[in-house]
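The residues making up each chain are set out below.
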Amino acid sequence: MQIAIVGLGRMGGNIARRLLQAGHQAVVFDRNEGAVAELVAAGAVGAASLDELVERLVPPRAVWVMLPAGDPTEETIGGLSLRLDAGDVVIDGGNSFYKDDVRRAAELQALGIDYIDVGTSGGIWGAERGYCMMIGGEARVIDRLDPIFDALAPGYGTIPRTPGRSRPEYDGRAEKGYIHAGPAGAGHFVKMVHNGIEYGLMAAYAEGFDILRGKNADRLPPEERYDLNLTDIAEVWRRGSVISSWLLDLSAAALAGNPELSQYSGKVNDSGEGRWTIDAAMEEAVPAYVLSAALLARFRSRTDNTFGEKLLSAMRAGFGGHVEIPQ
């Protein structure tokens with residue numbers, strides 16, 4: 001199947017690579033000419049502009065936008081709306097705010113252009129591991145694009161099947177790593193809450209390891225001090241513990257590489273989804289104690305830092321290639 005990818009950064013480039021490996025045709029564009037050249041060398045068709053990108057596509061066209069949320073995505077989708085025809089589809093795979101999706105879908109629908117929002121999780125490891133995708137939009141469009149989503153998803157893998165999932169109301173694609181979440185905006189809404197939960201999980205690990213490290217503090221009685229090996233603790237928790245996870249795997253790898261995590265500042269950024277999740281919780285009158293505290297802890301980290309916040313930075317670098325900017 002032919003699809004265009006606009007934005008070849010940490011995830012967009014790997015999405016194109018995974019699709020090429022699965023036998024699909026990718027037409028790619030990015031302002032960074034070097035990124036386009038790399039994908040062309042891997043088998044993609046390059047484009048030097050949005051105009052050229054659209055010209056190289058066979059109707060009905062499908063254009064996947066993988067750019068930072070906000071102005072870059074807004075401007076690109078606006079530009080595509082002037083170039084695409086009725087029956088074409090725009091896919092936003094970034095981390096856009098779901099209410100923007102609702103608005104964009106209506107604007108494009110007036111032009112006869114379909115719109116799909118894809119909450120995409122997989123970070124810098126997606127080309128190898130596949131992407132977990134939460135998709136919003138009309139079923140008929142999502143079904144037409146199913147070969148693309150199926151190629152990008154992790155697939156069944158070795159994860160045991162969940163008992164009771166044979167009922168017809170369950171989306172069978174969930175077991176392969178992607179779902180049709182609902183109408184426009186639903187995909188990014190589910191991904192938004194996913195990222196809010198991610199904040200809470202990461203904060204729990206960070207606080208726990210901070211407590212372990214602090215057990216050797218001078219303020220404690222000598223007989224109650226333990227000089228604990230955090231690298232070994234992270235490793236043993238990976239092996240059959242109820243709190244094992246990919247985030248713990250990343251923590252163990254970071255600690256094994258540098259137990260002091262001295263390469264991290266501990267100043268932890270937030271990319272917006274955590275804030276939006278708390279906004280949604282307030283709109284719905286849902287208490288979100290853990291997620292709120294995790295977000296506020298990131299704000300506080302920008303004034304002074306703990307070892308746990310360095311571990312947060314290590315996890316973010318591990319799954320998403322995020323580099324904390326010294327402040």
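Residues numbered from 1 in each chain as written. Predicted model: local features only at pLDDT ≥ 70, side-chain atom pairs only at ≥ 80, totals over all residues. Heavy atoms only, no water.

## Here's the deal with the overall build of the protein
Condition: In this text, helices come from DSSP runs of H or I with a minimum length of four residues, and strands from runs of E with a minimum of two, each type numbered from the N-terminal end. Atoms counted for the radius of gyration: C-alpha only. Globule rule: 2.2 Å times the number of residues to the power 0.38. Residue contacts are defined here by distance: any two heavy atoms, one from each residue, within 4.5 Å place the two residues in contact. Methods summary: accessible areas were calculated by the Shrake-Rupley approach with a probe of 1.4 Å, and residue burial reflects only the protein chains presented. Charged residues are defined here as Lys and Arg on the positive side and Asp and Glu on the negative side; His and the ends of the chain fall outside this count. Lys charges are placed at NZ, Arg charges at CZ, Asp charges at CG and Glu charges at CD.
Check the secondary structure of the protein and you find 14 helices and eight strands. What you see for the protein is a C-alpha radius of gyration of 22 Å, in line with the 20 Å of a compact globule of 327 residues. Within the protein, counting contacts between residues at least 6 apart in sequence, those at least 24 apart form 67% of the total. Accessible surface, the protein as shown: approximately 15900 Å² in total, 56% of it carbon and sulfur. Each charge sign in the protein was given a centre, from 32 positive and 44 negative side chains, and these centres are 3 Å apart.

## Re unusual backbone geometry
Following P59, the chain continues to P60 via a peptide bond in cis, the omega torsion being -5°. Inspection of the secondary structure puts P60 in the loop between α3 (50-55) and β4 (62-65). Positive phi, close to 50°, is recorded for L261, a residue that is not glycine. Tracing the sequence through the fold places L261 in the loop between α11 (246-257) and α12 (273-284). Even without being a glycine, A285 presents a positive backbone phi close to 60°.

## Some thoughts on the environment of P154
With respect to the element layout, P154 can be found in the loop between α8 (146-152) and β8 (178-182). On a C-alpha basis, the gap between P154 and D85 in space is 32 Å, while along the polypeptide they are 69 residues apart. If sequence neighbours within four positions are ignored, P154 has contacts with R18, R129, G130, Y131, C132, K176 and G177.

## Some points on the nonpolar core
Operational definition: Throughout this description, the term nonpolar core refers to a set of buried Ala, Val, Leu, Ile, Met, Phe, Trp, Tyr and Cys residues connected via side-chain atoms within 4.5 Å. In this scheme, a residue with accessible area under 20% of its type's maximum is buried, one over 50% is exposed, and one in between is partly exposed, where area comes from a 1.4 Å probe on protein chains only.
V28, W64, I116, M133 and F149 are the most contacted members of the largest nonpolar core, which has 33 residues in total. Listed in part, the 23 residues of the second largest apolar core include L248, A254, Y264 and A314.

## Observations regarding the pairing of β4
The condition that has to hold: The criterion for strand pairing is that DSSP finds at least two bridges linking the strands in question. With strands facing away from the observer, any crossover in which the path from the first strand over the helix to the second runs clockwise is taken as right-handed.
Of the two faces of β4, the one carrying A62 and W64 and the one carrying V63 and V65 are both buried. Sheet topology places β4 next to strand β5 (residues 89-92); four bridges connect them, and they run parallel. Paired with V65 across the two strands is D92, which belongs to β5. In this view, the connection linking β4 to its parallel neighbour β5 by way of helix α4 (residues 71-81) has right-handed handedness.

## Brief notes about the sheet that holds β8
Stated precisely, the cut-off is as follows: To get an axis, fit a line to the C-alpha atoms, keeping to the stretch in contact for a helix; angles then go from 0 to 180 degrees between the N-to-C directions.
Spatially, β3-β2-β1-β4-β5-β6-β7-β8 is the arrangement adopted by the eight strands of the open sheet, whose pairing is mixed. Each having just a single partner strand, β3 (45-46) and β8 make up the two edges of the open sheet. Seen against the sheet, helix α5 (residues 98-109) touches β5 and β6 (114-121) and runs at an angle of roughly 150° to β6. Of the strands in this sheet, β5, β6, β7 (132-136) and β8 are in contact with helix α9 (residues 186-213), which crosses β6 at around 15°.

## Quick word on the environment of D146
With respect to the helices, strands and loops of the structure, D146 is situated in helix α8. The spacing of D146 and Y178 is 32 residues in sequence and 9.9 Å in space, taken between C-alpha atoms. Apart from the residues within four sequence positions on either side, D146 is in contact with R173 and Y178.

## Here we look at the packing of α4 against α5
Keep this limit in mind: Orientation labels follow simple angle bins: below 35 degrees gives roughly parallel, above 145 gives roughly antiparallel, 65 to 115 gives roughly perpendicular, and whatever is left gives oblique. Classification convention: Asp, Glu, Lys, Arg as charged; Ala, Val, Leu, Ile, Met, Phe, Trp, Tyr, Cys, Pro as nonpolar; all other residues, Gly among them, as polar.
Contact pair α4 / α5: the axes reach a minimum separation of 11 Å and the direction vectors enclose 10°. Relative to α5, α4 is oriented roughly parallel. For the pair formed by α4 and α5, the contact residues are T73, E74, I77 and S81 on the first element and R103, R104 and L108 on the second. Of the residues belonging to the contact of α4 with α5, the class tally is two nonpolar, two polar and three charged.

## Description of the packing of aromatic side chains
Stated precisely, the cut-off is as follows: Ring pairs shown here join Phe, Tyr and Trp side chains whose ring centres sit within 6.5 Å, with only the six-membered ring taken for Trp; geometry is labelled stacked below 30 degrees between planes, edge-to-face above 60, and tilted in between. Whether a charge sits over a ring depends on NZ of Lys or CZ of Arg being within 6 Å of the ring centre and within 35 degrees of the ring normal.
Overall, the coordinates contain six aromatic pairs when judged by the stated rule. Each residue in the set F97, Y98, F189 and W276 is aromatic and connected to the rest through ring pairs, giving one cluster. For R129, the ring lying beneath its charged end belongs to W246, and the centroid distance is 4.0 Å.

## Here's the deal with the pattern of salt bridges
Basically, it comes down to this: For salt bridges, the criterion is a side-chain nitrogen of Lys or Arg within 4 Å of an Asp or Glu carboxyl oxygen.
Tallied over the entire structure, the rule returns 27 salt bridges. The closest approach of N and O atoms between D101 and R104, which form a salt bridge, is 3.6 Å. Here the residue D101 and the residue R104 both occupy positions in helix α5, the gap between them amounting to three residues, near one helical turn. A relative accessible area of 2% means that R104 is categorised as buried. For D146, the salt bridge identified is with R173, shortest N-O distance 3.9 Å. Of the two residues, D146 is situated in helix α8 and R173 in the loop between α8 and β8; the sequence distance between them amounts to 27 residues. Relative accessible area serves as the criterion here: at 18%, R173 is assigned to the buried category. Through salt bridges that share partners, E74, D92, D100, D101, R103, R104 and E107 make up one connected network.

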